[in-house]
Amino acid sequence: MSAASQRVVYRIHHQTHYGYALPVRLSHQVLHLTPRELPWQQCLSHTVNVLPAPQLVRSYADNFGNIIKAFSLDTDHTSLDVQADSWVALTPRGQPQESMAWDEAAMSMAYHGGRMMAPGMLDASNFLFESSHVRIKREFIRYAAECFVPGVSVVEGVRALMMRIHEEFAFDPTATTVSTPVTEVFVNRRGVCQDFAHLMLSCLRSIGLAARYVSGYLLTEPPPGQPRLIGADASHAWVSVYCPDPAGGEGSWVDADPTNGVFPDTSHITLGWGRDFLDISPLRGVLIGGGQQTMQVAVTVMPGEEARGLQLSI
């Protein structure tokens, strides 16, 4: 069966509502809600509706190639609603292919004065270092060492680390916030997908491998006999690890989902990537006024045949 015949189509509805205790006088917002175009993923359509409606919504690409939509509101408002509706088509990626030994890969990514890097490797080098939510520390080297013994391939090391985090850390939405340090997650062994992605990135970068944070969505299935709940899904996060090409070519990226212990395929929809969550958070902005604020997020991911003609605004 060809990959084209296995194509799956999804509709993703992402709604965010902000409520403000006092009027907001000025608001600048940046949205990372546009699915990326990838060899295995095609964005069939994408629309964003904002209330109150801004005069202008600008679209441009950031430094990582993600599509950003940005707008400003300069009239008083006490609420803000952003609704993104996307249709995407995915084809199977297949299991990751075998790669060079991880220690050889780390050596090839290390700095060598006067050496020219291939464009793909140069791009990957952006994801070697610490960032706001990712730390390079000896305890992460020790934790990863059991998975990355000398000579093991990048893919097998990534598989082992992904499964170790999946088995040893508990999914607990009450254990962390967006500002919880990755070192605290490591000690408490609890968190959510964002935390597990930051932890895995910390381990990978600590041993010299380039790895990026991937933001997207995951198709979840309701219990047998139960209807799919509208708005009950959430954004998801996983990691992508760079595998250099031994022949000096562009190399490749391998995605890994430590929350679920799987290599992503047609159930994972990619929005974009960055060094960590802050680079690719779905909505981010600054405002003047507003006082105390509340936020509600509702995400629905549905197979295309279920979603056609369905009104998802809530």
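Going by what an unreviewed UniProt entry lists, the chain is known as Transglutaminase-like putative cysteine protease and is assigned to Herbaspirillum frisingense.

(A) Seen up close, the overall build of the chain. Check the secondary structure of the chain and you find eight helices and 13 strands. Computed over C-alpha atoms, the radius of gyration of the chain comes to 20 Å, within 12% of the 20 Å expected from 2.2 N^0.38 for 314 residues, which places it in the range of a compact globule. Dimensions of the chain, computed from C-alpha atoms along their principal axes, come out at roughly 60 × 50 × 40 Å. Looking at the 314 residues of the chain, the share that counts as buried comes to 51%. Sequence-distant contacts in the chain: of pairs separated by 6 or more residues, those separated by 24 or more amount to 77%. Total accessible area on the chain is roughly 15,000 Å²; 54% of this is exposed by carbon and sulfur atoms. Mean positive and mean negative side-chain charge positions of the chain (22 and 30 charges, respectively) differ by 4 Å.

(B) Spotlight on the packing of helix 3 (residues 138–145) against helix 6 (residues 193–206). Put simply, helix 3 and helix 6 touch, their axes get as near as 8 Å, and they point 90 degrees apart. Accordingly, the angle class assigned to the pair helix 3 and helix 6 is roughly perpendicular. Only Leu 199, Ser 202, Cys 203 and Ser 206 of helix 6 make contact with helix 3, whose side of the interface consists of Phe 140, Ile 141, Tyr 143 and Ala 144. Classifying every residue of the contact of helix 3 with helix 6 gives six nonpolar, two polar and no charged.

Cut-off values and rules
- Residues numbered from 1 in each chain as written.
- Predicted model: local features only at pLDDT ≥ 70, side-chain atom pairs only at ≥ 80, totals over all residues.
- Heavy atoms only, no water.
- Helix = DSSP H or I, 4+ residues; strand = E, 2+ residues; numbered from the N terminus.
- Rg over C-alpha atoms; globule rule 2.2 N^0.38 Å.
- Buried < 20%, exposed > 50% of the residue type's maximum accessible area, 1.4 Å probe, protein only.
- Contact = heavy atoms within 4.5 Å.
- Areas by Shrake-Rupley, 256 points an atom, 1.4 Å probe, with all protein chains shown as cover.
- Lys, Arg positive; Asp, Glu negative; His and termini not counted.
- Charge placed at Lys NZ, Arg CZ, Asp CG, Glu CD.
- Axes fitted to C-alpha atoms, helices over the stretch in contact; angles between N-to-C directions.
- Parallel < 35°, antiparallel > 145°, perpendicular 65-115°, else oblique.
- Nonpolar A, V, L, I, M, F, W, Y, C, P; charged D, E, K, R; others polar.

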